[in-house]
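Coordinate inspection notes
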Amino acid sequence: NAGVTQTPKFQVLKTGQSMTLQCAQDMNHNSMYWYRQDPGMGLRLIYYSASEGTTDKGEVPNGYNVSRLNKREFSLRLESAAPSQTSVYFCASLNGGDPSGNTIYFGEGSWLTVV
Amino acid sequence: QQQVKQSPQSLIVQKGGISIINCAYENTAFDYFPWYQQFPGKGPALLIAIRPDVSEKKEGRFTISFNKSAKQFSLHIMDSQPGDSATYFCAASGSFGNEKLTFGTGTRLTIIP
């Protein structure tokens, strides 16, 4: 009963390094999301994927790329990390189409520090 | 452009008291309003949600009040307990096919004995 699983949990990067955050969900959801959480800023959408093979920019996409590898997996890549990307990153998936509401399920987060 | 405004940023309530968190939205196309609860080191989790066809929804000690004309909704936690200490986010989204959630900035709630 894993839900949304994201790795790694913690990562320290040097400025300019690249890395990929991995995310997988086992709930057969069509939609997947990457959010970042910063103090006083709430949860801001970076990228989302409404279905396998499609991706769209969210509120803060600059400096990031995504890949929807298949229905289960949605990765977030930082090509050249900057200190401004120090944040907690959350992957999420959505059971869209449910008349009772759009419940979004979050992973446990990835703490990224760029020095 | 913040479409969902949340207040207060932090809140301290005595055990047994009522905690109230408020949110206001701008987009009249929003028709689903959930509240998420987040404990330290964890991801947010759905707490309770409401659609605008009702003015109030209650689940245990948690109640959402919704005012469509004012474009405001609030979370009330009755008989607040130390275990309720967490960060709470309101959110809003549109109908099917436009299901991205827009979150408020969060309220850090602390319940003191």
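A few points on the structure. Given the structure is predicted, the values throughout are model-derived calculations rather than measurements.

Turning next to the sheet that holds strand β3 (residues 19-25) of chain A. Residue and element names in this part refer to chain A. Pairing in this open sheet of four strands is antiparallel, and the strands run β1-β3-β8-β7 from one edge to the other. Each edge of the open sheet is held by one strand with a lone partner, namely β1 (4-7) and β7 (64-68). This sheet shows a mean twist of 15° between the axes of neighbouring strands, independent of strand direction. Looking at chain direction, β7 and strand β8 (residues 74-78) are connected through five bridges and run antiparallel. Counted as the bridge partner of V66 is L76 from β8.

With that settled, consider the packing of aromatic side chains. Residues and elements named next belong to chain B. Taken as a whole and judged by the stated rule, the model has 19 aromatic pairs over all chains. Aromatic side chains Y25 and F33 sit 4.8 Å apart centroid to centroid with 45° between the ring planes, which places their arrangement in the tilted category. Each member of the pair, Y25 as well as F33, carries the same accessibility label: buried. Ring centres 5.0 Å apart and planes at 55° place the aromatic pair F33 and F73 in the tilted group.

Residue and element names in this part refer to chain B. Taken in spatial order, the five strands make up an open sheet running β1-β3-β8-β7-β6, and their pairing is antiparallel. Across the chains shown, the open sheet's two edge strands, defined by having one partner strand only, are β1 (4-7) and β6 (56-59). Strand-to-strand twist of the sheet, defined as the mean angle between neighbouring strand axes without regard to direction, takes the value 15°.

Bringing unusual backbone geometry into the picture now. With an omega of -5°, the peptide bond running from T7 of chain A to P8 of chain A counts as cis. Inspection of the secondary structure assignment puts P8 of chain A in the loop between β1 and β2 (10-13). Following S7 of chain B, the chain continues to P8 of chain B via a peptide bond in cis, the omega torsion being -5°. In this fold, P8 of chain B is placed in the loop between β1 and β2 (10-14). Positioned with a positive phi, N28 of chain A is a non-glycine residue whose angle comes to about 60°. On the secondary structure map, N28 of chain A appears in the loop between β3 and β4 (31-38). With a relative accessible area of 57%, N28 of chain A lands in the exposed category. Unlike most non-glycine residues, K71 of chain B shows phi in positive territory, near 55°.

Let's shift gears to the state of the cysteines. In this structure the tally under the stated criterion is two disulfides over all chains. The disulfide partner of C23 of chain A is C91 of chain A, and the S-S distance across this bridge is 1.8 Å. Across the S-S bond of C23 of chain A and C91 of chain A the torsion is about -75°, and the bridge reads as left-handed. Here C23 of chain A is found in strand β3, whereas its partner C91 of chain A is found in strand β9 (residues 87-94), with 68 residues between them in sequence. Across this residue pair, the class does not change: C23 of chain A and C91 of chain A are buried. With its sulfur 1.9 Å from that of its partner, C23 of chain B forms a disulfide with C90 of chain B. The sign of the S-S torsion, about -95°, decides the handedness of the disulfide formed by C23 of chain B and C90 of chain B: left-handed.

Among the structural elements, P40 of chain B can be located in the loop between β4 (33-38) and β5 (45-50). Once the C-alpha coordinates of P40 of chain B and S85 of chain B are considered, the two residues, 45 residues apart in sequence, prove to be 9.6 Å apart.

Now for the side chain of S49 of chain A. Residue and element names in this part refer to chain A. Along the chain, the position of S49 falls in strand β5 (residues 42-49). Residue classification places S49 among the buried positions, given a relative accessible area of 0%. A polar contact of 2.6 Å, which involves the side chain of S49, links it to the backbone oxygen of T54. Setting aside its immediate chain neighbours within four residues, S49 contacts N30, S31, M32, T54, T55, R68 and F74.

What counts and how
Residues numbered from 1 in each chain as written. Chains lettered and ligands numbered in written order. Predicted model: local features only at pLDDT ≥ 70, side-chain atom pairs only at ≥ 80, totals over all residues. Heavy atoms only, no water. Pairing = 2+ DSSP bridges. Helix = DSSP H or I, 4+ residues; strand = E, 2+ residues; numbered from the N terminus. Axes fitted to C-alpha atoms, helices over the stretch in contact; angles between N-to-C directions. Phe/Tyr/Trp six-rings, centres within 6.5 Å; stacked < 30°, edge-to-face > 60°. Buried < 20%, exposed > 50% of the residue type's maximum accessible area, 1.4 Å probe, protein only. Disulfide = S-S within 2.5 Å. Polar contact = N/O pair within 3.5 Å; in protein donor to acceptor, adjacent residues only side chain to side chain. Contact = heavy atoms within 4.5 Å.

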